[in-house]
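So the chains spell out like this:
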Amino acid sequence: YVENPDDCEVVQQRRSRHCRMCGTTRTSPAIRRMIIFVIVYSNTELHDDGPSWTAIDALYFSTATMSTVGYGDLSPGSDTTRCFTILMIFFGIIVIFPRMAWVVCLFSDPITSRLRALLEWFFPQHEVDIDGNGEADYKIPRHPIVYY
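The model shown is predicted, which means the values in this text are computed figures rather than measured ones. (Residues numbered from 1 in each chain as written. Predicted model: local features only at pLDDT ≥ 70, side-chain atom pairs only at ≥ 80, totals over all residues. Heavy atoms only, no water.)

A. The overall build of the protein, seen in detail. Helices and strands together make up the secondary structure of the protein, namely five helices and two strands. Overall, the protein shows an N-to-C arrangement of helices and strands of α-α-α-α-β-β-α. Across the protein, contacts joining residues at least 24 apart in sequence account for 34% of those joining residues at least 6 apart. Total accessible area on the protein is roughly 11700 Å²; 63% of this is exposed by carbon and sulfur atoms. (Helix = DSSP H or I, 4+ residues; strand = E, 2+ residues; numbered from the N terminus. Contact = heavy atoms within 4.5 Å. Areas by Shrake-Rupley, 256 points an atom, 1.4 Å probe, with all protein chains shown as cover.)

Spelled out as structure tokens, the structure:
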């Protein structure tokens, strides 16, 4: 039994991105999947005029498709890669969007909390004691023009 799980050597080894035995660095699962998508599309898809997709074309198509932008200038040509693309879209929605939302929150939360503090400082809400016990039971909402 380990009191602090962070002290466990196995946990620390799992958190490490560097393999001590072979000296390689692990990549994130999202990057590995993106590499798989690029390999699949660059080896199986052809342009309308004949040559196969380059790695840049495959990366561009995978990124545009997983972000659900889908410009339409490149499209899968066979039924197999169309089915693969459908699975890739679901992967993008299920895995990529939550991570992107987390990254956006990292940047927007400090700004939002600072702006809310400024709003409260410039336009404080008025508190109302409804039952007369000396504690505020309700805050009167700000005017919509001030709030929004």
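B. Geometry of the pattern of salt bridges. Applying the stated criterion across every chain, the model contains three salt bridges. R142 serves as the salt-bridge partner of E120, at 2.2 Å between the closest nitrogen and oxygen. Here E120 is found in helix 4 (residues 79-122), whereas its partner R142 is found in the loop between strand 2 (138-140) and helix 5 (144-147), with 22 residues between them in sequence. The partly exposed category is assigned to E120, whose relative accessible area is 31%. We note a salt bridge from E127 to K139, for which the minimum N-O separation is 4.0 Å. Of the two residues, E127 is situated in strand 1 (residues 126-128) and K139 in strand 2; the sequence distance between them amounts to twelve residues. Look at E127 and you get exposed, because its relative accessible area is 52%. Assessed through its relative accessible area of 42%, K139 is described here as partly exposed. (Salt bridge = Lys/Arg side-chain N within 4 Å of Asp/Glu carboxyl O. Buried < 20%, exposed > 50% of the residue type's maximum accessible area, 1.4 Å probe, protein only.)

C. Region of interest: the packing of aromatic side chains. This structure, assessed with the given rule, holds three aromatic pairs. Measuring from centroid to centroid gives 6.2 Å for Y60 and Y71, while their planes differ by 10 degrees, and the two rings are stacked. Linking Y60 in helix 3 (residues 55-66) with Y71 in the loop between helix 3 and helix 4, this pair joins segments that are eleven residues apart in sequence. (Phe/Tyr/Trp six-rings, centres within 6.5 Å; stacked < 30°, edge-to-face > 60°.)

D. Inspection of the nonpolar core at higher detail. Ranked by size, the top nonpolar core spans eleven residues in total: M34, F37, V38, Y41, W53, A58, F61, M66, L74, M88 and F91. The set of elements that each furnish at least two residues to this core consists of helix 2 (29-44), helix 3 and helix 4. Ranked by the residues each element gives to this core, the list is headed by helix 2, at four residues. (Core = buried A, V, L, I, M, F, W, Y, C linked by side-chain atoms within 4.5 Å.)

As far as function goes, none of this settles anything; it's purely spatial.
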